[in-house]
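Working through the structure, step by step
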Amino acid sequence: MPDRETTTAPQEGELKRSQTKRVAPAVLTIDLEDYYQVSAFNGVVRPEDWSWYPSRVERNVERLLDLLDEYGVKATWFTLGWEATRRGSMVRKVAERGHEVACHSYWHREVWRLAHDEFARDTRDAKQAVEDAAGVAVRGYRAPSFSIRHDSLWALPLLAEAGFTYDSSIFPVYHPSYGIPKAPHQPYVVDTRYGSLVELPPATTSLFGKRMAVAGGAYLRHFPMGVIEHSLKRLTQGEVLPAVLYLHPWEIDPRQPRLKVSMLSRIRHYRGLAKTEKRLRRLLSSMQFVTAGELAAQPDLLPRLSLDGLSALTPRRDQASRSPRTAPARPPA
């Protein structure tokens with residue numbers, strides 16, 4: 001009789017490795033600003049009048065800090081310089097509780113509205129204000145409303161010159177006000193004349209051959225939660241790519257004052273506010289999280305693009321360049 005084929009039982013370690021799926025981490029980012037500072041309200045709320053509005057940011061930041069402590073998650077807080085100047089103890093508390101503090105501009109002006117020197121001044125003032133408040137060096141930047149797009153890529157070298165090592169401003173989606181749809185949807189390095197920046201694009205997924213945003217914010221509030229969870233699982237477990245998520249402190253505050261704005265702005269800003277905390281809890285309990293700085297800490301492992309290569313990606317036709325709008329001067333601290 002021929003010898004029977006024999007098999008060797010797998011060792012315990014081998015079995016565990018075969019059953020372990022590769023899962024990419026998620027990054028929770030929080031754009032630290034108040035409800036009246038959003039770009040959608042620019043037509044009715046002037047930055048020079050911000051101090052007249054009742055602030056709710058401190059109580060919302062405190063709620064988020066307690067919520068994140070509950071799940072043992074550390075986030076990256078892209079902080080507005082204006083808030084850091086006025087509420088420095090709030091920003092210092094974020095840092096002291098173990099979170100990463102990053103920069104979100106000073107005046108929350110879209111980058112493509114600014115002249116180069118205005119952007120450089122706003123960024124310099126914001127970085128200084130946030131560092132003074134937090135007591136730590138700031139390495140990350142996110143433009144207001146993801147406003148580094150094809151006509152404002154000139155901002156990336158200025159960020160590198162200012163000492164930033166990573167950015168999270170380029171959204172690889174189609175949107176009337178932001179986005180470079182053909183930009184990479186995974187983290188990558190952009191080489192500029194003043195140094196390199198790691199770019200961390202917010203989370204997207206492919207749907208019918210196009211990129212769809214699933215990164216949080218209004219998308220988290222408006223899309224069915226099943227779609228969000230399925231898409232993030234597909235991204236982190238299927239494509240094994242990090243999911244950069246974002247939200248704002250005002251998004252867990254359904255009782256915030258209602259401002260008289262357009263119907264579209266009301267829908268985008270106020271719809272689904274009562275759902276945000278519950279949905280955020282579901283994500284915090286089901287995903288692994290690192291900070292943006294931790295994700296950006298290994299640039300040598302990422303694909304690289306020159307600034308010219310990024311500029312060569314097909315621009316949005318309906319994003320016509322607009323005349324720069326002068327930002328108000330920085331008030332005294």
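Scope of this entry: the structure provided in the associated data block. (Residues numbered from 1 in each chain as written. Predicted model: local features only at pLDDT ≥ 70, side-chain atom pairs only at ≥ 80, totals over all residues. Heavy atoms only, no water.)

**Observations regarding the overall build of the protein chain**
Where we set the bar: Helix and strand labels come from DSSP, where a helix needs a run of H or I of at least four residues and a strand needs a run of E of at least two; each type is numbered from the N terminus. Per-residue accessibility, obtained with a 1.4 Å probe over protein chains only, is compared with the maximum for each type, and a residue is labelled buried under 20%, exposed over 50%, and partly exposed between these values. The contact criterion used is simple: two residues touch if any of their non-hydrogen atoms lie within 4.5 Å. Reported accessibility uses the Shrake-Rupley method at a 1.4 Å probe radius. Residues are deemed covered only where the shown protein chains occlude them.
Within the protein chain, the secondary structure is distributed over 12 helices and 12 strands. Residues counted as buried form 51% of the 333 residues belonging to the protein chain. For the protein chain, contacts bridging at least 24 residues in sequence account for 79% of all contacts bridging at least 6. In the form shown here, the protein chain has an accessible surface area of approximately 15900 Å², with 51% of it arising from carbon and sulfur atoms.

**Some words on empty space enclosed by the protein**
As a reminder of what qualifies: Any residue with an atom within 4 Å of a point lines the site, the site being either a cavity, points on a 1 Å grid over the protein atoms alone where a 1.4 Å probe fits but cannot get out, or a pocket, an open set with protein on both sides within 12 Å along at least 5 of 7 lines. Grid points are joined across faces, edges and corners, and a volume is the space filled by probe spheres set on the points.
Scanning all chains against the criterion turns up 1 cavity of 30 Å³ or more. Among the elements of the structure, β10 (243-247) and α10 (276-286) are those that each provide at least two residues to the lining of the largest cavity.

**Some points on the pairing of strand β3 (residues 100-103)**
Which entries qualify depends on this criterion: Any two strands with at least two DSSP bridges between them are considered paired.
Neither face of β3 is open: one carries Glu100 and Ala102, the other Val101 and Cys103, and all of them are buried. As judged from the 4 bridges shared by strand β2 (residues 76-79) and β3, these two strands associate in the parallel manner. Considered in β3, the bridge of Trp77 is made with Val101.

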